[in-house]
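Report on the structure
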Amino acid sequence: MKKFLLPVLGLVALFSALSLNSGAEAQAPSEEALVLARELLEVSGAADQMSGMMDILSPIIVQSIRSEVPSLSVEQQQDIARIFVEEFVALTPQTLENLAVLYAESYSAEDMQAAISFFRSESGQRFVAATPAIMEVAQRIGEAAGRQAATNAMPRIQSYLEQ
């Protein structure tokens, strides 16, 4: 079971990095900047993208659990993945607010307004609509790259370990 916790904790660390503000800012952003940042997140479909990300990651979580703790039943593996996803989804409002703060700190009001205008345009709406399918394909591309990297690295790793 401890071996299973490492990949899950890795996912938790990844999502923590995505959802927590760095704390390095010297001054809080203005309310005007936060309003624009929240609007940008809304019109860009950020919440839906987060949900889509969890839809993509859920089978990966189950697969990780299956490989790390094969003694669990399929039902238990799916339940553990479901619990993790539920907890992540419950954090979505706070994550979005943290992202709004990050956007407000990182982008000028002019740049956010331009992005909002784009996402409200027909082109922007097509961009938002296409993003979930692109994310799904990108995930498969990333998995293939990871498998290839592991295959390519194995001879080097074996050579290193034999030294």
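Residues numbered from 1 in each chain as written. Predicted model: local features only at pLDDT ≥ 70, side-chain atom pairs only at ≥ 80, totals over all residues. Heavy atoms only, no water.

1. Overview of helix 4 (residues 74-90)
- A rise of 1.5 Å per residue sets the reference length of helix 4, with its 17 residues, at 24 Å; its end C-alpha atoms lie 24 Å apart and thus fit the reference within 8%.
- Gln77, Ala81, Phe84, Val85 and Phe88 are the residues of helix 4 that are buried. The arc that holds every buried residue of helix 4, seen down its axis, measures 95 degrees, which confines them to one face. The exposed residues of helix 4 that point more than 90 degrees off its buried face are Glu75, Glu87 and Ala90. (Helix = DSSP H or I, 4+ residues; strand = E, 2+ residues; numbered from the N terminus. Expected span 1.5 Å × (residues − 1). Buried < 20%, exposed > 50% of the residue type's maximum accessible area, 1.4 Å probe, protein only. Arc of directions from axis to C-beta.)

2. Concerning the packing of helix 2 (residues 31-43) against helix 5 (residues 92-106)
- In the contact formed by helix 2 and helix 5, the axes pass within 8 Å of each other and the chain directions differ by 120 degrees. Judged by the inter-axis angle, helix 2 sits oblique to helix 5. The hand of the helix 2/helix 5 crossing is right-handed. Together, Ala33, Leu34, Ala37, Arg38, Leu40 and Leu41 of helix 2 and Leu96, Glu97, Leu99, Ala100, Val101, Tyr103 and Ala104 of helix 5 make up the contact between the two elements.
- Its residues assigned to classes, the contact of helix 2 with helix 5 comprises eleven nonpolar, no polar and two charged. (Axes fitted to C-alpha atoms, helices over the stretch in contact; angles between N-to-C directions. Parallel < 35°, antiparallel > 145°, perpendicular 65-115°, else oblique. Left-handed = near helix turned anticlockwise from the far one by under 90°. Contact = heavy atoms within 4.5 Å. Nonpolar A, V, L, I, M, F, W, Y, C, P; charged D, E, K, R; others polar.)

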